[in-house]
Structures are given as C-alpha cells and as structure tokens.
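Residue-level structure breakdown
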Amino acid sequence: MKFSFVTVFSELVSPYFEASIIKRAKDANLLEFEFLSPRDYSEDRFNRTDDYAVGGGAGLVFTPAPMFSLLGELRQKDKDAHIVFLSPAAKLFNYGDAKRLSKKEHIVFVCGRYEGIDERVVEEFADEVFSIGDFVLTGGELASLVMCDAISRFVPGVLGNEESLSVESYEGNLLEAPSFAKPAVFEGLASPSILLKGNHSKISDFKKSVSKIRTKYFRPDLYEKFLKGTRYEK
Ligand SMILES: C[S@@+](CC[C@H](N)C(=O)[O-])C[C@H]1O[C@@H](n2cnc3c(N)ncnc32)[C@H](O)[C@@H]1O
C-alpha cells in the first residue's frame, strides 16, 4: 500500500517511518511512502505557497495554484489515488474508517498549515476530509501520521500478530479489557486471580465483562452501539 503526503514539512513526517512496526513493514515492501511539496509547484519567485485570505481576516491560506498543479499531476498519474484532506472542520476519523481505508492501494494525505487550504482545492480534489479530534493542531502532518498509522495496522502482514486485531478496542464497539504483563505479582500488586487459573473460557468471560464495564463507564455512546449490535465499521 502506498501513502503520499502533500506537505511543506516532510521532515516532520518521514522520521516516523524509521522505527518499529512501520519501518519493518516498509522494509518488507508492504508499505511505501512518498512526499510531495507544493513549493515545488509554486510559480512564485520565492516558492511561496500561501497568501492572505480573500475578504481579509487573520492569517495566511494555501493558495490554489501550486495545489492544483500538484494534485492534478498526481490524479493524472494515478486516477484511483484516494485523496484525503485533513481539517478540524470535518467528520471525525474512526476505527471503521481506518479499516475501510486499508483496502485502498494508494492514499494521499493533503496537510494544511496556517489557516488552512483554499476551499476550491478541497472541492476539486477531495475524496474525503477528516478531522482527528475536537481540537486544532498547527498543521495536518500529525493528523496524517495518526491516520496513516491506524490504517497501516489493518494492511495484511504489517502486524506480527494479526489475532490481536480481533480483540482490540473498538472491535465490536467495545473497549478492550486491561492487560497485565508477567510477573503475575509485582511488588505486592497482584493481577486478577482469574487470569492465573488457566481456564480459558472463564478468562474470556471475565475479559468480556470488564470490557463492557469499561466501555459503559468511559464511552457510553459506544456502549449504546454495542447494545444495539451496530458494528463500528461501515
Ligand atoms: C491551524 S489549522 C487551521 C484551522 C482552521 N482555520 C479552522 O479553524 O478550521 C492548520 C491545519 O492543521 C490541520 N489540522 C488542525 N487541526 C486538525 C484536526 N483536528 N484534524 C485534522 N487536521 C487538523 C489541517 O490540515 C489544517 O488545515
């Protein structure tokens, strides 16, 4: 699977792919990353990509021309590329989206900065626009990394142990039960005794009931969906 990042700050994004699970997946050619800068498409003599907003107001906005050239060229090269814009003024990205998007062959993240990106670019090129939460970041790079990481976990072969996906938080609209690493007793602090008895059916029932309690407490909205039997994924 290929991820392209449209950003003026590729140096904020690329180091993330140099460690751990994602690096292993990149080295095994399961994931590929590309960085494209609107500055390379600017016709301004200082390679500027931003300007004041039409109608006034504070801050700068990404101008349409470099983005139209970059994304137009990209569309011509790969008409099936799925172009995602990042914005706090959009629908929230969730687990189901990560699963769905992992089936795409090529995802392009367009990272805003300043006050954002000229809306005509979004209207022309966006297949989807996502927010990663109800807060405002200084740029889309972190948001694109969050999405890329969450999506990558569903690409076959990326996680060593794919079984872990089936019991993870949000699967089936529940938060996962707490985990305990060995030793079972650490400085007098014990793990739940049921986990030590080797009865797998009882352990599974215990984890399911803690998982329900946790979800009901922390995420009553999700618990409602669980009760209604609505799957998280679309
Ligand atoms: C300072 S923000 C622009 C905020 C914009 N003026 C607004 O109020 O909606 C700059 C860029 O950061 C990214 N960004 C900020 N918060 C985000 C969020 N919660 N989710 C996704 N992207 C975000 C977007 O790419 C955005 O264009």
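Section: the nonpolar core
Ranked by size, the top nonpolar core spans 28 residues in total, and within it Phe-3, Leu-31, Phe-109, Met-147 and Ile-151 carry the most contacts. Elements represented by at least two residues in this core include exactly strand S1 (2-6), helix H2 (20-27), strand S5 (82-92), helix H4 (95-101), strand S6 (106-110) and helix H6 (140-152). Setting aside residues no more than four positions away along its own chain, Ile-151 makes contact with Met-1, Phe-3, Phe-93, Ala-98, Leu-101, Ser-102, Ile-107 and Phe-109. With 17 residues, the next largest nonpolar core counts Leu-36, Leu-71, Phe-85 and Val-108 among its residues.

Focus: the side chain of Asp-97
Here Asp-97 shows up in helix H4. Only 2.9 Å separates the side chain of Asp-97 from the side chain of Arg-100, close enough to count as a polar contact.

Remarks on the site of the ligand
In the region of the ligand, 19 residues are neighbours, and Leu-86, Gly-112, Ile-132, Phe-135 and Leu-137 sit closest. Take Phe-135: an N or O atom from its main chain is 2.9 Å from a nitrogen atom of the ligand. For the ligand, a nitrogen atom lies 2.9 Å from a polar atom in the backbone of Leu-137. Going through the elements one at a time, S5, strand S7 (128-131) and H6 are the ones with two or more residues in the shell around the ligand. In terms of residue count, the dominant contributor to the shell around the ligand is S5 (three residues). Across the shell around the ligand, the residue classes break down as nine nonpolar, eight polar and two charged.

Some details on the pattern of salt bridges
As a working rule, side chains carrying opposite charge can pair if their charged atoms are close by. Scanning the model with the defined rule gives 15 salt bridges in all. A salt bridge links Asp-27 to Lys-23, with the nearest nitrogen and oxygen atoms 3.0 Å apart. Here Asp-27 and its partner Lys-23 are both found in helix H2, four residues apart, which amounts to about one turn of the helix. Residue Lys-23 is classed as partly exposed on the basis of its relative accessible area of 28%. The network of salt bridges with shared partners includes Lys-91, Asp-97, Arg-100 and Glu-128.

Things to note about the domain arrangement of the chain
Many authors give the size of an interface as the accessible area that is lost as the parts come together. Once the domains are mapped, the chain shows domain 1 (2-152) and domain 2 (169-228). Look at where the C-alpha atoms of domain 1 and domain 2 centre, and you get two points 36 Å apart.

Quick look at helix H8 (residues 200-218)
Between the first and last C-alpha of H8 there are 26 Å, a value that for 19 residues agrees with the 27 Å anticipated at 1.5 Å per step. Check the buried side of H8 and you find it contacts helix H9 (220-228).

The rules behind the values
Residues numbered from 1 in each chain as written. Predicted model: local features only at pLDDT ≥ 70, side-chain atom pairs only at ≥ 80, totals over all residues. Heavy atoms only, no water. Core = buried A, V, L, I, M, F, W, Y, C linked by side-chain atoms within 4.5 Å. Buried < 20%, exposed > 50% of the residue type's maximum accessible area, 1.4 Å probe, protein only. Helix = DSSP H or I, 4+ residues; strand = E, 2+ residues; numbered from the N terminus. Contact = heavy atoms within 4.5 Å. Polar contact = N/O pair within 3.5 Å; in protein donor to acceptor, adjacent residues only side chain to side chain. Near = heavy atom within 4 Å. Nonpolar A, V, L, I, M, F, W, Y, C, P; charged D, E, K, R; others polar. Salt bridge = Lys/Arg side-chain N within 4 Å of Asp/Glu carboxyl O. Domains from an automatic or database assignment. Expected span 1.5 Å × (residues − 1).

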